[in-house]
Amino acid sequence: FARERDHRELRTPGQDVLHQEPARGDVNRDVDLGDLLERLTTIKAEARETADLPALALALDAELHLHHRAANVEAIQRLFAEMRECAAVGPPEAACVCFTGLAMNVLFGDPEEGLRAARRAVEIAKAGDASAAQHLLRAQSRLIVVLLYRGRCFLSENAETIREGAIRAKSSGDLFL
């Protein structure tokens, strides 16, 4: 599924929505949240049918961002359960994406799980699997955010994490991280 369907489809038009300010509580005036979620439901079902767990992880991550923008904590908690399941059985790429998403639990009820998940995402991305390694910058960025929320960003034990993330971010050219 992921090899047949371009992964960019998982990021558009929803990805554009993620970088815009919500209009009066809505995700975006021009894009209906229900339509995006329906499309993601279809993508997730197809990924499950074909056992394409990396595609499933990316769809879960996109859905997490949409629910976060809409402040739908109940839906986010349900997604966390799906992400835990996918991370447990998926290949490194899927696990890395899911653990990066689970790091958001720092905001939604279990900051310790958020920190553990963020650290695990970075570990997986660094382990050498090329498909997971492509997610290293995002995993590092998420870990730094979690450390910041936990008040641990400037502890000496985290200095190397901050340094590595900063170096990678400077060389990435990605302005949205």
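First, a word on scope: everything that follows refers to the structure included in this document. (Residues numbered from 1 in each chain as written. Predicted model: local features only at pLDDT ≥ 70, side-chain atom pairs only at ≥ 80, totals over all residues. Heavy atoms only, no water.)

**Looking at the pattern of salt bridges**
Right, on to step 1. Considering all chains together, one arrives at eight salt bridges under this definition.
Right, on to step 2. The salt bridge involving Arg 48 is made with Glu 82; its shortest N-O contact spans 2.5 Å. With Arg 48 in helix α2 (residues 33-49) and Glu 82 in helix α4 (residues 73-89), this residue pair connects regions lying 34 residues apart in the sequence.
Right, on to step 3. Between Arg 150 and Glu 112 there is a salt bridge, with its nearest N and O atoms 2.2 Å apart. Here Glu 112 lies in helix α6 (residues 111-126) and Arg 150 lies in the loop between α8 (136-149) and α9 (159-172), a separation of 38 residues in the sequence.
Right, on to step 4. When its relative accessible area of 26% is taken as the criterion, Arg 150 is described as partly exposed.
Right, on to step 5. Take Glu 112: its relative accessible area is 32%, and that puts it in the partly exposed class.
Right, on to step 6. When salt bridges with common partners are traced through the structure, they connect Lys 44, Arg 48, Glu 63 and Glu 82 into a single cluster. (Salt bridge = Lys/Arg side-chain N within 4 Å of Asp/Glu carboxyl O. Helix = DSSP H or I, 4+ residues; strand = E, 2+ residues; numbered from the N terminus. Buried < 20%, exposed > 50% of the residue type's maximum accessible area, 1.4 Å probe, protein only.)

**Thoughts on a nonpolar patch on the surface**
Right, on to step 1. A contiguous nonpolar patch, built from Leu 107, Val 145 and Tyr 149 and spanning about 270 Å² of accessible area, is present on the exposed surface.
Right, on to step 2. Note on placement: Tyr 149 falls in helix α8.
Right, on to step 3. Look at Tyr 149 and you get exposed, because its relative accessible area is 54%. (Patch = residues over 30% accessible without salt bridge, like charges linked within 9 Å, V, L, I, M, F, W, Y side chains within 5 Å. Areas by Shrake-Rupley, 256 points an atom, 1.4 Å probe, with all protein chains shown as cover.)

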